[in-house]
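# Fold and contact review
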Amino acid sequence: MLRLLRQRASDLKFLAPRRLQQTIAQAKPKEIPLVKNVSTPKSDKSVGKWFLGCGGMVFVAVGLGGVTRLTESGLSMVSWKLTGERLPRSQQEWADEFSKYQQYPEFKLKNSKMTLEEFKFIFMMEYIHRMWGRAIGAVFFIPAAYFWNKGYFCSKTKKTVLLMGTLIGLQGLMGWYMVKSGLENRFDDPNDVPRVSQYRLASHLAAAFVLYAFFLSNGLSKLYPSEQFLATAKKALTTKRLAHLTKGMVFLTAISGAFVAGLDAGLVYNSFPKMGDNWIPDDILQFQPIQRNITENPSTVQFNHRILGISTVTLTSILWLATRRIQLPKRANLAIHAVAAMAWTQATLGVTTLLYYVPVPLATAHQSGSLILLSLAVWLSHELRFLKYIPK
């Protein structure tokens, strides 16, 4: 009996350290992964590609809209139908369309010497722009119905798709509402230049930018989920805030450019960095009340666009410099480099467009550049979406 008790005691002494080691090992805190890889379901990949495809079509639509404005083609079609206008085919049909155009202010005050062949060109530019917009609607709504029926959408994506569809519909209505402002009989002075309202033009462009950014952001989320990573430097949070601020500044600068386009303000002062002989033009506050100058005085509108553009370039440069000593994921670093490089490219395009009196190719490149810069800013925000600060 005594031998049995001694044997049990020996076994307990042998097992206790091992069990204690196991308990300590189990209690040891696990390391937190810096990056969490998430596999993308096949349905999400299909939806993501569809989102990016629709976004690409919106990008082209913005470019077409810029060319339409620069060639002064936007007021050539004086009617609007939901299903689309029929393209004239015979010479008589072209003549009928031309006669309709001749009844409106742009022809009477500006293009009274226009020939039928010249009219055909501006009509086709506006026709292509409108039909491309309707194609976006078809490419969006038909797959949306299919994916919805197949159960590809979660509850959050369903709300997103409904919002996107609403934005597309409103964008089409806003386009016609904008064109109507240039067809109204409100140009009484012979010196008036028939044009669409700069307010409606800016709203139309802003809606297109929001729709594009929405498609791009959701497409990236489906195809390339943001990396979830931790940072031990407080500067990383500053980077995240700067990225969002940069995105907002890019958007605001682009919308101010719509006012420049709507008022042909790019033709007022074609020098840089000064505006004529002054840093600040003398006529910057000539309208009364003073607040009208912000959106109606061409000199003020160009001045504001310059300041916003310079501020955006400065902000992106600060963002780039602030992240040189911060460890960020490879894709986030690449996005920061791309944003900084594109901001300087866009500024260079803007100054060149101004100095050469707004030629169509350069002006189109400048407008498209603003959308490219916004794309990169959206990408950067996407990459920094799950950045978390962990104190040391």
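To keep things clear, this report deals only with the structure shown in the data block. Please read these numbers as outputs of a predicted model, since none were measured by experiment.

## Section: the overall build of the protein chain
Scanning the protein chain from terminus to terminus reveals 12 helices and two strands. Starting at the N terminus, the α and β elements of the protein chain follow one another as α-α-α-α-α-α-α-β-α-α-α-α-α-β. Burial statistics for the protein chain: of 392 residues in total, 43% are counted as buried. Counting contacts in the protein chain only where the partners sit at least 6 residues apart, residues at least 24 apart contribute 78% of the total. Carbon and sulfur atoms form 62% of the exposed surface of the protein chain, whose accessible area is close to 22300 Å².

## Quick word on the pattern of salt bridges
In this structure the tally under the stated criterion is 13 salt bridges. It is possible to trace a salt-bridge network through shared partners that takes in Glu85, Glu126, Arg130 and Arg134.

## Some words on the environment of Val268
You can see Val268 is positioned in the loop between α8 (235-262) and α9 (292-296). It is 7.0 Å that separates the C-alpha atoms of Val268 and Pro298, two residues lying 30 residues apart in sequence. If sequence neighbours within four positions are ignored, Val268 has contacts with Pro298, Ser299 and Gln302.

## Overview of the packing of aromatic side chains
Enumeration over the complete set of coordinates arrives at 21 aromatic pairs. Taking the centre distance of 6.3 Å and the plane angle of 45 degrees together, the rings of Phe51 and Phe215 count as tilted. A residue pair is termed long-range when its members are at least 10 positions apart, and Phe51 in helix α2 (residues 42-70) and Phe215 in helix α7 (residues 198-223) qualify at 164 residues. In terms of burial, Phe51 and Phe215 fall into one category: buried. Taking the centre distance of 6.5 Å and the plane angle of 20 degrees together, the rings of Phe98 and Tyr101 count as stacked. Here the residue Phe98 and the residue Tyr101 both occupy positions in helix α3 (residues 91-101), the gap between them amounting to three residues, near one helical turn.

## What about unusual backbone geometry?
Geometrically, the link from Phe272 to Pro273 is a cis peptide bond, its omega value of 10 degrees lying close to zero. Along the chain, the position of Pro273 falls in the loop between α8 and α9. Residue Pro289 follows Gln288 across a cis peptide bond; omega there is -5 degrees. As for its placement among the helices and strands, Pro289 is situated in the loop between α8 and α9.

## A word on the environment of Val210
Along the chain, the position of Val210 falls in helix α7. By relative accessible area, Val210 is classed as partly exposed at 38%. Along the backbone, Val210 and Met164 are 46 residues apart, and their C-alpha atoms lie at a distance of 9.8 Å. Not counting residues within four places of it along the chain, the set of residues in contact with Val210 comprises Leu167 and Phe251.

## Comments concerning helix α11 (residues 330-355)
Its 26 residues place the ends of α11 38 Å apart at the C-alpha level, agreeing with the 38 Å of an ideal helix rising 1.5 Å per residue. Along α11, the positions that sit buried rather than exposed are Ala332, Asn333, Ala335, Ile336, Val339, Ala340, Met342, Ala343, Gln346, Leu349, Thr353 and Leu354.

## Details of the nonpolar core
Ranked by size, the top nonpolar core spans 60 residues in total, and within it Trp50, Phe51, Phe140, Val161, Phe209, Phe215 and Leu380 carry the most contacts. Every element with two or more residues in this core is listed here: α2, α5 (116-150), α6 (155-183), α7, α8, α10 (298-322), α11 and α12 (360-383). Among the elements that make up this core, the one with the highest residue count is α7 (11 residues). Here Phe51 is in contact with Thr157, Val161, Met164, Phe215, Asn218, Gly219 and Lys222, once residues within four sequence places are set aside. With 11 residues, the next largest nonpolar core counts Met77, Trp94, Leu116 and Phe119 among its residues.

## A closer look at α3
Turning to α3, its buried residues number three or more, namely Trp94, Glu97, Phe98 and Tyr101. All buried residues of α3 project into a common sector of 100 degrees when viewed along the axis, lining one side. On its buried side, α3 packs onto α4 (105-109) and α5.

## Remarks on the side chain of Lys240
Tracing the backbone through its elements, the reader meets Lys240 in helix α8. No salt bridge is formed by the buried Lys240, whose closest oppositely charged neighbour, Glu383, lies at an N-O distance of 12 Å. Within the structure, Lys240 has its side chain in polar contact with the backbone oxygen of Arg385 (distance 3.1 Å).

## Section: the environment of Leu384
When you line up the elements, Leu384 lands in the loop between α12 and β2 (387-389). The class of Leu384 is buried, set by a relative accessible area of 2%. Through-space distance from the C-alpha of Leu384 to that of His244 is 9.5 Å; in sequence the pair is 140 residues apart.

Thresholds, definitions, all that
Residues numbered from 1 in each chain as written. Predicted model: local features only at pLDDT ≥ 70, side-chain atom pairs only at ≥ 80, totals over all residues. Heavy atoms only, no water. Helix = DSSP H or I, 4+ residues; strand = E, 2+ residues; numbered from the N terminus. Buried < 20%, exposed > 50% of the residue type's maximum accessible area, 1.4 Å probe, protein only. Contact = heavy atoms within 4.5 Å. Areas by Shrake-Rupley, 256 points an atom, 1.4 Å probe, with all protein chains shown as cover. Salt bridge = Lys/Arg side-chain N within 4 Å of Asp/Glu carboxyl O. Phe/Tyr/Trp six-rings, centres within 6.5 Å; stacked < 30°, edge-to-face > 60°. Expected span 1.5 Å × (residues − 1). Core = buried A, V, L, I, M, F, W, Y, C linked by side-chain atoms within 4.5 Å. Arc of directions from axis to C-beta. Lys, Arg positive; Asp, Glu negative; His and termini not counted. Polar contact = N/O pair within 3.5 Å; in protein donor to acceptor, adjacent residues only side chain to side chain.

Don't take any of this as a statement about function, it's just geometry.
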